[in-house]
Every structure is written in structure tokens, then in C-alpha cells.
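# Fold and geometry: a report
Chain by chain, the residues run as shown.
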Amino acid sequence: MRVFHVQPGAVNESAGLPMVLPPRGFLWVACGRREFELEHGNIQAALQVMCGTTLVDLHVSDLLNNQLPSHYDYTSQYDLLVFRRLAAGQAEVDLGQPGAVLTEPVRRGGPPVLRRIDTSPVGFAVFDRVLLTVHPASCGVLDQYSARLLASAANTARTVGAGLPASPADLMLRIVNQMVDGYLDLRRELTRQLDHWQSELLSPRTRFMNWASLLDARISLHQLDEICEDQRSAVQDWIEALEEWEANEAIGGQRGLELLKVRSRDVLEHIERVVHHVRRLEQNAETAVQMHFSAQSNRTNDIMRTLTALTAVFLPLNLIAGIFGMNFEFIPLIHERAGFWWAMASMVGVAVGLSVYFWRKRYLRSSGGR
């Protein structure tokens with residue numbers, strides 16, 4: 001468990017869970033799912049002392065559920081947001097046992113870039129002056145943002161927009177925004193992988209063999225589309241609830257409320273970009289497969305047209321050979337000394353004439369040569 005005291009101009013990390021709120025700023029209590037499962041009694045007692053309320057039992061179950069989709073809920077004392085992260089994960093968590101960490105990672109199909117995507121849920125309980133977050137095991141989002149938060153506090157010459165969060169809700173939105181941007185960072189590699197497969201699918205000189213990987217990639221992209229839709233619905237519900245908030249000192253007054261709305265809309269826009277990109281990749285993969293089979297059909301048609309033209313060239317030759325192979329006693333040119341050469345010349349002439357005719361009709365050319 002990590003506890004941060006965020007106040008204007010400074011961030012301090014505490015060794016343990018405090019039982020009293022500081023006079024200024026707010027607290028960020030971040031813990032792992034397994035740790036929250038074991039210590040939720042102490043956490044509930046601390047919340048009762050600091051915030052005057054505890055988490056509802058159903059919300060505790062939501063925070064411990066690994067399979068829960070992104071969603072938003074609220075009470076009169078706090079707001080709850082569960083957001084499935086779209087970042088590169090470092091550890092696998094057993095979906096059947098909340099909080100239990102697998103000794104061996106689950107093998108997934110598809111390209112390596114899709115196998116690296118971890119969609120474990122992260123829970124946020126937003127109080128007036130306390131933010132409680134529940135993360136999966138070895139959560140890179142927690143490590144990255146806590147390091148960034150401490151670095152921002154240590155940097156006295158901060159740039160515009162890189163200041164410390166002013167409220168628990170502001171901190172939650174920044175963490176959510178980082179999780180969404182974690183997927184946006186994978187767009188280039190995802191696009192490069194699918195473009196490589198498209199080149200293989202459309203190349204006439206190679207035979208595409210990665211059908212299983214392509215199918216796994218399409219399934220993974222479809223799952224990401226569903227996850228992003230849940231994320232968008234959760235953030236939209238949060239924005240609608242934010243419209244009913246009153247400007248108070250805990251969130252920085254009217255300006256703080258407006259900044260929360262702006263940041264929420266920015267998070268929603270980032271999620272919509274993710275949805276648009278995932279759907280475009282799905283459409284590109286489907287289009288590449290259709291173009292592959294269309295190209296295969298065209299190549300097959302070219303081969304059949306060429307074979308048909310060659311067959312048509314040799315049919316008159318077979319006819320001439322069949323006529324002179326009849327067992328009649330009197331056949332023209334059969335007893336002539338130059339009969340054989342006359343027959344060969346006529347056969348060559350017919351073959352050359354038909355070949356020139358079919359070539360001019362482009363029956364002996366491939367589609368690529370047109």
C-alpha cells in the first residue's frame with residue numbers, strides 16, 4: 001500500500017495508512033487488489049474516521065472483481081469508477097480468484113503487440129479529500145504515475161498544465177487519461193503489424209500462412225472495441241454526474257469544477273480516438289482478407305483463361321493428327337514425299353495464327369501485365 005499526501009506545491013509519501021486527514025490537500029491511498037482484499041477492514045475503519053463513511057459492500061465486491069467491465073456508480077458521500085486499463089501489463093491475474101496472482105502467464109493468441117495488452121480493471125473511490133485506488137498486481141500505471149507525481153512535486157519550474165492535481169477527482173482523471181494514452185502509444189506498432197499482414201495477403205509471390213494469428217488479432221481487436229465502449233459509457237456517466245456538482249473549496253471552487261469538466265471531456269475524446277482507431281484496424285483487416293480472396297480469384301481466372309487458350313491452340317493440331325492417323329488406304333498427301341512437311345507446316349501455321357489471335361485478345365496475358 002502506498003499513501004501520498006498531495007498539497008499545493010508538495011507531495012509526500014507516507015509509510016502507513018493515516019487515521020487523520022491533513023489540514024491541507026488530500027490523500028491518495030493506492031493498494032493492490034490482493035492487499036485490499038486482505039486489509040479492507042482497516043481501510044474501511046480509516047475511511048470512517050477520515051471521511052465519515054465507508055464503502056458499500058457491493059462497491060467492495062466491484063473493486064475485488066477482476067472481470068468487471070468499466071462502469072460508474074455513486075453515493076451521496078463518494079463516487080466509484082471502475083476503469084479497465086489499456087496498457088502493457090507486466091503480470092497476469094487469475095480471473096477466477098480475485099487477487100490471486102498466477103505463477104505462469106496465460107498464453108494468448110495473436111501478434112506479440114496484442115498479447116502485451118493488459119485489460120485488468122482499476123477501481124477509483126473518490127471522496128471529498130481522499131482518493132482510494134485498487135490496482136491489479138504489478139500495475140505499471142501505479143508505478144508510472146506515482147513517479148511522475150513525485151517528479152512534478154520536485155520540479156519547481158513546472159510548465160503550464162503539468163502542475164499537481166487540485167482534488168481527488170482531478171487525480172483520478174489524470175490517471176485514467178494516462179491509461180488511455182497507454183493504448184494510444186501502441187497504435188503505431190499495431191498499424192505496422194496489420195500493414196505487414198496486408199502486404200503478405202496481397203503479394204502474388206508469397207503464400208499467406210498466418211491465418212490463425214490474423215483471426216486472433218481480429219478477436220482481440222473486437223474485444224478492445226467492447227472494452228472501449230464500456231469505458232466511454234462510464235466516462236459519459238461521470239460527466240453527467242459532474243454537471244450536478246456544486247463548486248466548493250475541496251475541488252478548487254468554480255474554476256476547479258470547470259477544469260474537472262474540461263479534463264473529463266478530454267479523457268472522453270481520447271477514448272473516442274481509441275474506439276475510432278480500433279474500428280479502423282478491424283475494417284482494414286477485414287478489407288485485406290476480402291482483397292486477398294479477390295486477388296486469389298483473379299489469379300485463378302487468369303490461369304484458367306491461359307489454360308483454355310492453350311487448349312484451344314492444340315485442338316486443331318490434334319484434329320489434323322487424328323485425320324492423318326486414320327486407317328484409310330487413300331489419304332491425300334499420305335504417299336507424297338513432302339506430305340509430312342506440308343502437314344507440319346499447316347499445323348505450325350494454325351498454332352501460330354491462333355496464338356497471335358489469343359495474344360491480341362489478351363487471353364495469354366496475366367492481369368498484372370495489362
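See the structure shown above.
Summary of the structure given here.

### Let's talk about the pairing of strand S2 (residues 10–14)
- Strand direction decides the pairing type here: strand S1 (residues 2–7) and S2, joined by five bridges, are antiparallel. The partner of His5 across the bridge, within S2, is Asn12.
- Counting the residues between successive antiparallel strands, the hairpin from S1 to S2 contains two residues, one of them, Gly9, with a positive phi of roughly 90°.

### Some words on the packing of helix H7 (residues 211–242) against helix H8 (residues 253–324)
- Across the interface, H7 lies against H8 with an axial gap of 9 Å and an inter-helix angle of 160°. With respect to H8, the element H7 is oriented roughly antiparallel. Pair H7 / H8 crosses with left-handed handedness.
- In terms of residue class, the contact of H7 with H8 is built from 21 nonpolar, five polar and ten charged.

### Digging into the sheet that holds strand S8 (residues 121–126)
- One open sheet holds the seven strands; their spatial order is S2-S1-S3-S9-S8-S5-S4, and the pairing between them is mixed. Since the sheet does not close on itself, it has two edges, and those belong to S2 and strand S4 (71–74), each with one partner. Across the sheet, the axes of successive neighbouring strands diverge by a mean angle of 15°, strand direction being ignored.
- With four bridges connecting them, S8 and strand S9 (residues 130–135) associate as antiparallel partners. In the strand pairing of S9, Ala125 is matched with Leu132.
- Here helix H2 (residues 57–64) sits on the sheet in contact with S4, strand S5 (79–84), S8 and S9, set at roughly 20° to S5.
- Contacting S4 and S5, H7 runs over the sheet at an angle of about 160° to S5.

### Some words on the packing of aromatic side chains
- Summed over the entire model, instances satisfying the criterion amount to eight aromatic pairs.
- A centroid spacing of 5.9 Å and a plane angle of 80° characterise the contact between Tyr72 and Trp238, whose relative ring orientation is edge-to-face. Pair noted here: Tyr72 is in strand S4 and Trp238 is in helix H7, with a separation of 166 residues, a long-range link.
- On the accessibility criterion, Trp238 (2% relative accessible area) is buried.

### Regarding the pattern of salt bridges
- The full count for this structure, using the stated rule, is nine salt bridges.
- Here Arg279 ties to Asp225 by a salt bridge, and the two come within 3.3 Å at their closest N and O atoms. Note that Arg279 is positioned in helix H8 and Asp225 in helix H7, a separation of 54 residues in sequence.
- Owing to a relative accessible area of 11%, Asp225 belongs among the buried residues under this scheme.

### Observations regarding the layout of surface pockets
- Counted as a void, the second largest pocket has a volume near 470 Å³.
- Lining the second largest pocket are 21 residues; nearest its centre among them are Thr75, Ser76, Asp79, Ala241 and Trp245.
- Its residues placed into classes, the lining of the second largest pocket shows eleven nonpolar, five polar and five charged.

### Section: the nonpolar core
- Residues Trp28, Phe124 and Met172 are the most contacted members of the largest nonpolar core, which totals 57 residues.
- The element that contributes the greatest number of residues to this core is H7, accounting for twelve residues.
- Once you skip the residues sitting within four places of it in the chain, Trp28 turns out to touch Arg2, Val3, Phe4, Leu131, Thr133, Leu142, Tyr145, Ser146, Leu149, Leu171 and Ile175.
- Core analysis: the next-biggest nonpolar cluster, separate from the first, contains 20 residues, Leu27, Cys31, Ile43 and Ala46 among them.

### Some details on helix H1 (residues 33–51)
- Taking 1.5 Å of rise per residue, the 19 residues of H1 would be expected to cover 27 Å, yet its terminal C-alpha atoms sit only 21 Å apart, more than 12% below that figure.
- Residue Glu39 marks the point of greatest curvature in H1, where the axis turns by about 75°.
- Turning to H1, the residues buried within the fold contact strand S3 (26–32), H2, S8 and S9.
- Two residues or fewer after H1 comes Gly52, characterised by a positive phi angle close to 75°.

### Focus on a nonpolar patch on the surface
- A cluster of nonpolar residues, Leu319, Ile323, Phe324, Met326, Phe328, Leu333, Ile334 and Trp342, forms a patch on the protein surface that exposes about 810 Å² of accessible area.
- The element contributing the most residues to the nonpolar patch is H8, with three residues.
- With respect to the helices and strands, Ile323 occurs in helix H8.

### A closer look at the pairing of S3
- Here S3 lies mainly inside the structure; six of its seven residues are buried.
- With five bridges joining them, S1 and S3 adopt antiparallel strand pairing. The residue of S3 that forms the bridge with Val6 is Phe26.
- Relative to S9, S3 is paired through six bridges, and the arrangement is parallel. By the bridge assignment for S9, Leu27 is matched with Val130.

Rules of the game
- Residues numbered from 1 in each chain as written.
- Predicted model: local features only at pLDDT ≥ 70, side-chain atom pairs only at ≥ 80, totals over all residues.
- Heavy atoms only, no water.
- Pairing = 2+ DSSP bridges.
- Helix = DSSP H or I, 4+ residues; strand = E, 2+ residues; numbered from the N terminus.
- Axes fitted to C-alpha atoms, helices over the stretch in contact; angles between N-to-C directions.
- Parallel < 35°, antiparallel > 145°, perpendicular 65-115°, else oblique.
- Left-handed = near helix turned anticlockwise from the far one by under 90°.
- Nonpolar A, V, L, I, M, F, W, Y, C, P; charged D, E, K, R; others polar.
- Contact = heavy atoms within 4.5 Å.
- Phe/Tyr/Trp six-rings, centres within 6.5 Å; stacked < 30°, edge-to-face > 60°.
- Buried < 20%, exposed > 50% of the residue type's maximum accessible area, 1.4 Å probe, protein only.
- Salt bridge = Lys/Arg side-chain N within 4 Å of Asp/Glu carboxyl O.
- 1 Å grid on protein atoms, 1.4 Å probe; cavity = no way out; pocket = protein on both sides within 12 Å on 5 of 7 lines; lining within 4 Å.
- Points joined across faces, edges and corners; volume = space filled by probe spheres on them.
- Core = buried A, V, L, I, M, F, W, Y, C linked by side-chain atoms within 4.5 Å.
- Expected span 1.5 Å × (residues − 1).
- Bend = angle between axes of the 7 residues up to and from the residue.
- Patch = residues over 30% accessible without salt bridge, like charges linked within 9 Å, V, L, I, M, F, W, Y side chains within 5 Å.
- Areas by Shrake-Rupley, 256 points an atom, 1.4 Å probe, with all protein chains shown as cover.

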